[in-house]
Structure formats: structure tokens, C-alpha cells
Amino acid sequence: MRKRKVLLTIVFIALVSPQVNGVGIFMGRQTFVIPENGRLNENITYWLFPPQGQYSTFQPLAPMGLNTTITGCNAVAGIEYRDDGSLFIDWDAAGNPSSIDAYVSVSSPDNWQCPAEAGGDRYIDNLVFHSEGFGSVTMGVFSQIALYRNYAPKASLQSLATTELAVSIGLQFEDKNLSWWANSAEHPWFSYSIDWDGDGSIDQTGTATFNEEPVPDSQYPTLSRWTSGIQISTLQLDHLYDAVGNYNATLILSDSMETTTWQIPIEVIPEPATLLLFGFGVYLIKRRR
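In this text, all values refer to a predicted model and were calculated from it rather than measured experimentally.

## Side note on the overall build of the protein
Logical step 1: Counting its regular elements, the protein contains two helices and 20 strands.
Logical step 2: The buried share of the protein, reckoned over its 289 residues, is 41%.
Logical step 3: Restricting the contact set of the protein to residue pairs at least 6 apart, pairs at least 24 apart contribute 68%.
Logical step 4: As presented, the protein carries roughly 15,500 Å² of accessible surface, and 52% of it is formed by carbon and sulfur atoms.

## Quick word on the side chain of Ser 168
Logical step 1: The residue Ser 168 is located in strand S12 (residues 166–177) in this model.
Logical step 2: With relative accessibility at 19%, the residue Ser 168 sits in the buried group.
Logical step 3: Of note is the side chain of Ser 168, whose polar atom sits 2.8 Å from the side chain of Gln 236.
Logical step 4: Separated by 2.7 Å, the side chains of Ser 168 and Asp 238 make a polar contact.
Logical step 5: In contact with Ser 168, not counting residues within four places along its chain, are Ser 159, Leu 160, Ala 161, Gln 236, Leu 237 and Asp 238.

## Thoughts on a negative patch on the surface
Logical step 1: A cluster of acidic residues, Asp 197, Asp 199, Asp 203 and Asp 242, forms a negative patch at the surface.
Logical step 2: Note that Asp 197 resides in the loop between strand S14 (190–195) and strand S15 (204–208).

## Some remarks on the pattern of salt bridges
Logical step 1: Throughout the structure, instances matching the rule amount to four salt bridges.
Logical step 2: For the salt bridge of Glu 117 with Lys 176, the shortest nitrogen-to-oxygen distance reads 3.8 Å. Taken together, the residues span a long stretch of sequence, with Glu 117 in the loop between strand S8 (100–107) and strand S9 (120–132) and Lys 176 in strand S12 at a distance of 59 residues.
Logical step 3: The partner of Arg 225 in a salt bridge is Asp 217, with the nearest N and O atoms 3.7 Å apart.

## Some words on the confidence of the model for the protein
Logical step 1: In the predicted model, the protein carries a mean pLDDT of 82, and 82% of its residues have values of at least 70.
Logical step 2: Below a pLDDT of 50 lies the segment residues 1–21, which in the model reaches 49 contacts outside its immediate sequence neighbourhood of four places, other chains included.
Logical step 3: In the predicted structure, residues 273–289 sits below a pLDDT of 50 and forms two contacts with residues beyond four places in sequence or in another chain.

## Digging into the sheet that holds strand S11 (residues 154–163)
By way of backbone hydrogen bonds, the strands of a sheet pair with one another, either parallel or antiparallel.
Logical step 1: One open sheet accounts for three strands, arranged S11-S12-S18; its pairing is antiparallel. Each edge of the open sheet carries a strand with a single partner, namely S11 and strand S18 (229–240). Across the sheet, the mean angle from the axis of one strand to that of its neighbour is 15 degrees, orientation sign disregarded.
Logical step 2: The sheet contact formed by S12 and S18 spans 12 bridges and is antiparallel. In the strand pairing of S18, Gln 172 is matched with Thr 234.

## Points about the environment of Pro 97
Logical step 1: Mapped onto the elements of the fold, Pro 97 is located in the loop between strand S7 (87–90) and S8.
Logical step 2: Here Pro 97 falls in the partly exposed class, since its relative accessible area comes to 24%.
Logical step 3: For Pro 97, the residues in contact, after removing those within four places along its chain, are Pro 50 and Trp 91.

## Considerations on the sheet that holds S14
Logical step 1: Strand order in the open sheet formed by four strands is S15-S14-S19-S20, with antiparallel pairing between adjacent strands. The open sheet has two free edges, formed respectively by S15 and strand S20 (259–268), since each of these has just one partner strand. On average, each strand axis in the sheet is inclined to that of its neighbour by 20 degrees, with strand direction left out of account.
Logical step 2: Pairing geometry for S14 and S15, over five bridges, is antiparallel. Within S15, the position partnered with Ser 193 by the bridge is Thr 205.

## Brief notes about the nonpolar core
Logical step 1: By size, the foremost hydrophobic cluster in this structure holds 29 residues, and its most contacted members are Leu 40, Tyr 46, Leu 48, Phe 58, Leu 87, Leu 127 and Leu 147.
Logical step 2: Elements supplying a minimum of two residues to this core: strand S2 (29–34), strand S3 (41–49), strand S5 (67–73), S7, S8, S9 and strand S10 (139–149).
Logical step 3: Those residues in contact with Leu 127 that lie beyond four places of it in its chain are Ile 44, Tyr 46, Pro 60, Leu 61, Pro 63, Leu 66, Thr 68, Val 106, Ser 143 and Ile 145.
Logical step 4: Listed in part, the 24 residues of the second largest apolar core include Leu 171, Ala 208, Ala 249 and Ile 264.

Here is what the cut-offs are and how they apply
Residues numbered from 1 in each chain as written. Predicted model: local features only at pLDDT ≥ 70, side-chain atom pairs only at ≥ 80, totals over all residues. Heavy atoms only, no water. Helix = DSSP H or I, 4+ residues; strand = E, 2+ residues; numbered from the N terminus. Buried < 20%, exposed > 50% of the residue type's maximum accessible area, 1.4 Å probe, protein only. Contact = heavy atoms within 4.5 Å. Areas by Shrake-Rupley, 256 points an atom, 1.4 Å probe, with all protein chains shown as cover. Polar contact = N/O pair within 3.5 Å; in protein donor to acceptor, adjacent residues only side chain to side chain. Patch = residues over 30% accessible without salt bridge, like charges linked within 9 Å, V, L, I, M, F, W, Y side chains within 5 Å. Salt bridge = Lys/Arg side-chain N within 4 Å of Asp/Glu carboxyl O. Lys, Arg positive; Asp, Glu negative; His and termini not counted. Charge placed at Lys NZ, Arg CZ, Asp CG, Glu CD. pLDDT = per-residue confidence, 0-100. Pairing = 2+ DSSP bridges. Axes fitted to C-alpha atoms, helices over the stretch in contact; angles between N-to-C directions. Core = buried A, V, L, I, M, F, W, Y, C linked by side-chain atoms within 4.5 Å.

Here it is in C-alpha cells:
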């Protein structure tokens, strides 16, 4: 499995004191993937479990400058939406359900800086708080959010050579993660497509693997993994043009989460011998006139 798939798995833990046996909340933690230069905009459903007493309060918090808003719940009776943004629940008036679903919108403001570095993750405590009691808090439970910030795939040109109408380009791709997982050494990581003449039609597609060979994991011997950090993939692509000229080849590179588009200017010129023959042909045409 890949690390990213692991990060997408919701981990069900409750951040509670050891003696808590009343008020509850589920999810205890939820993980979201953030594009490298993107934002967070998610709707989360929490299951609120009844307290030992009659009342509880569900409060969205704002860690790391996030915007959190309760947008509703699946209960009608016994619910009060307070001016401070919290949800007050009278469980007796609500009919003493086994749980109540509360809906929370979580988003990042403009110019928000994701606390996780690209290719890493960050756990943020205290996204929401479900507490027991009326007025003063007698017992409570927090929920946590985990953010994984993707590292967008990068591409660089290593070499470019033309021979008459043939062109060969050497490319290097890179990506970054805390841990890389693969099923085998042949497991592709990057997928690419290239439009050689820039006409909007894809001429070539393929996949590329990391240069480093993955090794069996010590804890999961049926799985293989690469080392953490930045991994490199190199690739040589060849193409034969129909005519000389200046072209803008468009490369589209994807790591299954984000896509990078890159243009490569390519100048295809005839060889000196071809130029001489071309000039001689023009001379003959002029003489025939």
C-alpha cells in the first residue's frame, strides 16, 4: 500500500481522559490531503454520544486559523444554536437518542499557510469539543484533525538532442513523501503524457518508476518500500517530427494526486548537408526560369 492511502484512512480514537465514561464523540481524528498550493474545504459529520446527565454542548474551535462552522444536525427537538457558534443539546427533550449527527464545515481562510510542510503531515488538536454539563464543563472530549500536504510532482530537463527530424529529451521527475510504499519494484509512481507539437493532441503516454529499488519492509515483509524524502525518476523520450520548425512540446506529469504541466521549446533544424542540398535545389529552379 502507499503511504498516501494510509494517511487517507480515518483513525478512530477519542482524545479523552482515562476515566471518561459519559459524553462521547466520533470521529476522534480525521485526515485530509491538501494540495501543495491548495486549501482545505471539507464537510465533516460527527456522531455525538449522550452524556451521563441531561445536557451537553458541541463547540467548533479554530486551530491554526481554520474556519469552523456548525451547519446543522439530524435532531430537531432539544437543539439550540447559540450565538457563539456552539450547539446546545437537551438530550431528554431530543428523545434520548443513542447519538446525534452534527455537521461541521471546515475551511482555510485566504492566504492560509498549511502548518504541514510539502510532503509531510501535521496533527492539529482541538478542532471540535463536546462537553457535558449546563454552564460549567464537568467532562469533555476533543476531536483532532490531521493534514497531509502533498508535494506536487516536479520535472526538469536534463538533456535535449536533435538529429535531422529526430529529437531525444532526457527528463527527471521528483516527488517527496514521509514514506513510500510499493507492491513491487515494477510499481509505477508517475504517469505522464506528452503533446510533442503543441496542437492539443496527446502523442505519447506512459509511466515511470523511481530510480531507487524498493526493499521489503521489516514489519510487513509482503510489502516493499522506498526510503523517505525526495525520490527521483529519470526517463528518455524520443520523437520523430514530420518537418523542421519550432515546437512547444507539452508534458503533463501526475503523481495520482496532483498534475504538473510543463512546456519544452524544441527547435528542429535541418543538418548542414541538408541545407546545402536545399539551397542547390533552389538554384536549379531559378536557372530553369
